[in-house]
Amino acid sequence: MSWERDDAKLDRVRALMDAEGLDAIVARAPDNVLYLTNFWGMKGYDAVVFPREGEPTLICLEASADDAARTAWTADVRLFAGYHPSDPRPPTSRVLDAAVDAAAPYEVIGIESTLGTQASDRMVGEPTTYTKAWFDAFPAARDATALLAEARSVKTAQEIERLRLANEIAGAAMDHVRGVIRPGMSEAQVAAEWLGFVHGEGTGWAGKVELALGFSLVWSGPGIKTFTATTDRPVVENEPTLFEIWVCADGYWCDHTKNVVCGELTERYRELEAGLRAVYDDAVGRCVPGASLADLDRAVRAGVEQLGFPGQPTHPVAHGVGARAHEPPYAHQAGGGAVREGMVLAIEPGCYWPEGGGLRLEDNFLVTDGEPEKLCPFPDGVVRAA
């Protein structure tokens, strides 16, 4: 799927570059390459030299030449070989040579020198990492990480359309799982149903998605904990099965936590759902232009504490979503920043019992000049299996 060049997005980046005096940005994280060129690489080897003025240069693996010709917004595409008969170095070395050459005309360069994480490439299984040689090649470069984060924090109309697609796929996959989940199925079997739908039905979704990939953690009943793996534990009747789920649709992501129960929810969980839903709804109501991100975090954690879960959750309660499932801004009471129109925020309060079990609610919300808009059609709270 080829998207028209998003000039609103690229003009925002160039305006920020002008304010900081950068002549060009050299980026290699797959999500930043996608953001600046619309090209989503297979192996994450690719790079872009994005000037404040003039045509960007995409440096692309030879095997992906057709993909670049079909999807990339820049006409200057320089190919490098994955294997070269007279050059035994890895392909990342040839990318670096091409990037240095393309950046040579520019005086003040920015690179991603403090990048904490990066989104996966299309192959996903082996995300690439930066070598010391990459940073050594640009010794006078400034750090452009914060500039790119600032640009990405407010979405354009095209980006919102792409995020809606990811949200639609995630919701449809949950509808599918709601119809097949049964007590006694393993968490892994249920996860496989969700993942299979995302990849099988999401690829080609609405004629606008070339590749959809899913990522999931599924826990049931006492298996609900933070930062633990999906296992062969069985789905527990009358207790939630929690889906911590991401969909990536051609490089744009959504991040949700949805809950399904087989049978009737126990009284203990009904009380927890009602209390957490009040915290969640209050948090969503705070996602209006000008609201303090620090106050948002503070309010969620105070509400969770009132429910009897002090110090929880250990995960973020609000963060941006876009060309990554987790990206700035992050709500933190020790930080700063404000909610702005055009941001897409994942709101995710959670409560977890020490012995296992608990609940999390999460969806993605577009900040508007009115009420925040929920992007996923699947309901919040605990939904009964069909």
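These numbers were taken from a predicted model, which means no experiment stands behind them. (Residues numbered from 1 in each chain as written. Predicted model: local features only at pLDDT ≥ 70, side-chain atom pairs only at ≥ 80, totals over all residues. Heavy atoms only, no water.)

Draft legend 1. The overall build of the protein chain, seen in detail. Check the secondary structure of the protein chain and you find ten helices and 17 strands. Judged by the C-alpha coordinates and their principal axes, the protein chain covers about 65 × 45 × 35 Å. Taking all 386 residues of the protein chain together, the buried fraction comes to 55%. Sequence separation of 24 or more characterises 68% of the internal contacts of the protein chain that already satisfy a separation of 6 or more. Carbon and sulfur atoms form 53% of the exposed surface of the protein chain, whose accessible area is close to 15400 Å². Measuring between centres, the 35 positive side-chain charges of the protein chain sit 1 Å from its 58 negative side-chain charges. (Helix = DSSP H or I, 4+ residues; strand = E, 2+ residues; numbered from the N terminus. Buried < 20%, exposed > 50% of the residue type's maximum accessible area, 1.4 Å probe, protein only. Contact = heavy atoms within 4.5 Å. Areas by Shrake-Rupley, 256 points an atom, 1.4 Å probe, with all protein chains shown as cover. Lys, Arg positive; Asp, Glu negative; His and termini not counted. Charge placed at Lys NZ, Arg CZ, Asp CG, Glu CD.)

Draft legend 2. Quick look at empty space enclosed by the protein. Enumeration over the complete set of coordinates arrives at three cavities of 30 Å³ or more. The computed volume of the largest cavity comes to approximately 150 Å³. Along the walls of the largest cavity sit 14 residues, with N38, W40, T71, E210 and D250 positioned nearest its centre. With three residues, the single largest contributor to the lining of the largest cavity is helix α3 (residues 65–71). Residues belonging to the lining of the largest cavity are distributed by class as follows: six nonpolar, two polar and six charged. The volume enclosed by the second largest cavity comes to roughly 40 Å³. Taken together, P30, V33, F39, G41, G44 and D46 form the lining of the second largest cavity. Looking at the lining of the second largest cavity, its residues break down into three nonpolar, two polar and one charged. (1 Å grid on protein atoms, 1.4 Å probe; cavity = no way out; pocket = protein on both sides within 12 Å on 5 of 7 lines; lining within 4 Å. Points joined across faces, edges and corners; volume = space filled by probe spheres on them. Nonpolar A, V, L, I, M, F, W, Y, C, P; charged D, E, K, R; others polar.)

Draft legend 3. Representation of the pairing of strand β3 (residues 57–61) within the structure. With five of five residues buried, β3 is to be regarded as a mostly interior element. The sheet contact formed by strand β2 (residues 47–51) and β3 spans three bridges and is antiparallel. Looking across to β3, one finds that A47 is bridged to I59. Linking β2 to β3, which pair antiparallel, is a turn of five residues; within it G54 sits at a positive phi near 100 degrees. Both β3 and strand β4 (residues 76–80) contribute to a ladder of five bridges, which runs parallel. Looking at the pairing, I59 lines up with R78 of β4. (Pairing = 2+ DSSP bridges.)

Draft legend 4. Region of the structure containing the sheet that holds β3. One open sheet accounts for six strands, arranged β4-β3-β2-β1-β5-β6; its pairing is mixed. What marks the edges here is a single partner per strand, and that holds for β4 and β6 (142–143). Against the sheet, helix α1 (residues 7–20) contacts β1 (24–27), β2 and β6, and its axis sits at roughly 65 degrees relative to β2. (Axes fitted to C-alpha atoms, helices over the stretch in contact; angles between N-to-C directions.)

Draft legend 5. Fine view of the side chain of E159. Locating E159 in the fold gives a position in helix α7 (residues 157–180). Of the side chains with opposite charge, K9 comes closest to the buried, unpaired E159, at an N-O distance of 4.4 Å. Here T156 takes part through its backbone nitrogen, which lies 3.1 Å from a polar atom of the side chain of E159. Residues in contact with E159, not counting those within four places in the same chain, are D6, K9, Y35, V154 and Y252. (Salt bridge = Lys/Arg side-chain N within 4 Å of Asp/Glu carboxyl O. Polar contact = N/O pair within 3.5 Å; in protein donor to acceptor, adjacent residues only side chain to side chain.)

Draft legend 6. Inspection of the sheet that holds strand β12 (residues 344–347) at higher detail. Strands sit in the order β11-β10-β12-β15-β16 across an open sheet of five strands; the sheet is antiparallel. Looking along the sheet, the strands with just one partner apiece sit at the ends: β11 (327–330) and β16 (373–374). The strands touched by α7 are β12, β15 (363–366) and β16; relative to β15, the strand with the most contacts, the crossing angle is about 155 degrees.

Draft legend 7. Region of interest: the packing of aromatic side chains. By the definition in use, this model includes nine aromatic pairs. A centroid spacing of 5.2 Å and a plane angle of 25 degrees characterise the contact between F215 and W253, whose relative ring orientation is stacked. Of this pair, F215 sits in strand β7 (residues 212–220) while W253 sits in strand β9 (residues 252–261); the two residues are 38 residues apart in sequence, bridging distant segments of the chain. One aromatic cluster in this structure is built from Y130, W134, F135 and F138. (Phe/Tyr/Trp six-rings, centres within 6.5 Å; stacked < 30°, edge-to-face > 60°.)

Draft legend 8. Main features of the layout of surface pockets. In this structure, the largest pocket encloses a volume near 230 Å³. Along its surface, the largest pocket is lined by 13 residues, and L217, F227, E244, H326 and R360 are the ones closest to its centre. Those elements giving two or more residues to the lining of the largest pocket turn out to be β7 and β8 (240–249). Take the lining of the largest pocket: its biggest share by element is four residues, from β7. For the lining of the largest pocket, the class distribution of residues is six nonpolar, four polar and three charged. Considered as a void within the structure, the second largest pocket measures approximately 190 Å³ in volume. Lining the second largest pocket are T117, Q118, A119, S120, F215, W246, W253, R324, A325 and H326. Looking at side-chain class alone, the lining of the second largest pocket contains five nonpolar, four polar and one charged residues.

Purely spatial values, then, with no claim about function.
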